[in-house]
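# An overview of the molecular structure
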Amino acid sequence: MSDKSDHVEDTAHESLNYLLESLGKQLNEPVMKSTARLIIVISLAINRKLSFSDLLTITALGKGSLSNHLEKLQKNDLIKIRTVFRKNGPRISIEITETGMEAYRNYSSLLRKLTNSK
Amino acid sequence: MNRDEIQALSEHLKCLGTKAVRLDRYLQRRAWGVYYSIWAVSILLFTFLSYPISLIRGAYLQLAAYVIAYVLIVLFASYFSGLVFSKARRLANLESDLSDHQDRNIKKKCGIGTLVLAVLIVAIIIIGSDLLRTAIGVLLEVIILALIDLYVYRMLGKSLGKIPFEGLMAVSVFMFSDVGSAATVFIYRSPEYFGYLWIPTIFAWFIASIYSIYHARDELVVQIDSQECN
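Residues numbered from 1 in each chain as written. Chains lettered and ligands numbered in written order. Predicted model: local features only at pLDDT ≥ 70, side-chain atom pairs only at ≥ 80, totals over all residues. Heavy atoms only, no water.

## Quick notes on the overall build of chain B
Each helix and strand counted, chain B has 9 helices and 0 strands in total. Helices and strands in chain B line up, N terminus first, as α-α-α-α-α-α-α-α-α. A burial count over chain B gives 48% of its 230 residues as buried. Sequence-distant contacts in chain B: of pairs separated by 6 or more residues, those separated by 24 or more amount to 75%. (Helix = DSSP H or I, 4+ residues; strand = E, 2+ residues; numbered from the N terminus. Buried < 20%, exposed > 50% of the residue type's maximum accessible area, 1.4 Å probe, protein only. Contact = heavy atoms within 4.5 Å.)

This is the structure:
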């Protein structure tokens, strides 16, 4: 009986570690250290597409810092950055990719697993 | 990972999610602002477009103009409503993941947008046809529009948590116009005054739109005191 529950716990830990590792790889930094990048991914997963200025407002990061985070997320294929030309000048639009949605789903599964493991 | 590490990770991820939800309310409130204005214009067109269309000569041409104009309005307004509602649903799903009482049925419960679109089309057919001259037609119209209003109220709650002033105003005035316009049909036995009772809704939704967009930034003030998640 005890062996069986140990096995279940080990499997749960393994799956947790796997999710953590994949999310960390996708974000290009350990999950425990990532705040801005994860918030960007979550916001984009909810809204699918946001402008650079919207992300500046909600993350409260500086332009340089946000560009740096976005560049890393784009490098990992989590987001797509596009410049859209409007009447009042060019606008940077950031869109989540399928890989980005996968990262969000990993985050969501992690949350559920952690809540259930309590 | 030991129990403490799991606990720390759980708190970190929850904190991030909660912060993202709070920040997202700014975008959601702004989107609701655009939603109110799109429906204010649509209600204005629904109600008063029939007058210029009735001036077109030829029954078939009039019917074609009526169908094309109303279908285009419904499609445009519904497409935008779908965008707002799906964002609200995704936010509600995240909130459910963050809560200890996870509600796996949210997706199912909120995913009745297609049904709402279908009943909306039925409501428009009733309003635009002779059915509005019958008691059953009027009752159907009141019920359908009231259900849509309740759905909007529910989605407002899902996406903004506490429904702001302009949301309550928009939903209440809509209900007033719905019941009031139907009452005029019963009282005067003619749909002649039906449109006038929708004027308060058109105004209220325009005001709600401006108020919502202007006050969307209030949602960001909440985050100043929020935890940093580090």
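## Quick look at the interface of chain B and chain A
Facing the 35 residues of chain B at the interface are 31 residues of chain A. Carbon and sulfur atoms supply 62% of the area that chain B and chain A bury against each other, a total of about 3000 Å² over both sides. Put simply, Arg112(A) and Asp97(B) hold a salt bridge, and the shortest N to O gap is 3.3 Å. Remark: the boundary between chain B and chain A carries 8 residue pairs in polar contact (both at pLDDT 80 or more). (Buried area = accessible area lost by both parts, 1.4 Å probe. Salt bridge = Lys/Arg side-chain N within 4 Å of Asp/Glu carboxyl O. Polar contact = N/O pair within 3.5 Å; in protein donor to acceptor, adjacent residues only side chain to side chain.)

## Some details on the pattern of salt bridges
Residue and element names in this part refer to chain B. Summed over the entire model, instances satisfying the criterion amount to 6 salt bridges over all chains. The partner of Arg-25 in a salt bridge is Glu-95, with the nearest N and O atoms 2.9 Å apart. Taken together, the residues Arg-25 in helix 1 (residues 3–48) and Glu-95 in helix 3 (residues 59–98) connect sequence positions 70 residues apart. On the accessibility criterion, Glu-95 (28% relative accessible area) is partly exposed.

## Observations concerning helix 3 (residues 52–59) of chain A
Of all 8 residues in helix 3 of chain A, 7 are buried; the element is thus mostly enclosed. Within helix 3 of chain A, burial applies to Phe52(A), Asp54(A), Leu55(A), Leu56(A), Thr57(A), Ile58(A) and Thr59(A).

## Notes on the sheet that holds strand 2 (residues 79–86) of chain A
Residues and elements named next belong to chain A. An order of 1-3-2 is seen for the 3 strands of this open sheet, with the pairing classed as antiparallel. Edge positions in the sheet fall to strand 1 (49–51) and strand 2, since each has one partner strand and no second. Strand after strand, the sheet turns through a mean of 30° between neighbouring axes, direction not considered. Alignment of strand 1 against strand 3 (residues 89–96), held across 3 bridges, turns out to be antiparallel. (Pairing = 2+ DSSP bridges. Axes fitted to C-alpha atoms, helices over the stretch in contact; angles between N-to-C directions.)

## Focus on the environment of Tyr36(B)
Residues and elements named next belong to chain B. Inspection of the secondary structure puts Tyr-36 in helix 1. Overall, the relative accessible area of 1% leaves Tyr-36 in the buried class. Tyr-36 sits 170 residues away from Phe-206 along the chain, and the two C-alpha atoms are 6.5 Å apart. Discounting chain neighbours no more than four positions away, the residues touching Tyr-36 are Leu-156, Glu-166, Gly-167, Ala-170, Trp-205, Ala-208, Ser-209 and Ser-212.

## Describing unusual backbone geometry
All names here are of chain A. Positive phi, close to 65°, is recorded for Arg-48, a residue that is not glycine. By the secondary structure assignment, Arg-48 is in the loop between helix 2 (36–47) and strand 1. At Ala-60, a residue that is not glycine, the phi angle is positive and equals roughly 60°. As for its position among the elements, Ala-60 is in the loop between helix 3 and helix 4 (63–75). By relative accessible area, Ala-60 is classed as exposed at 60%.

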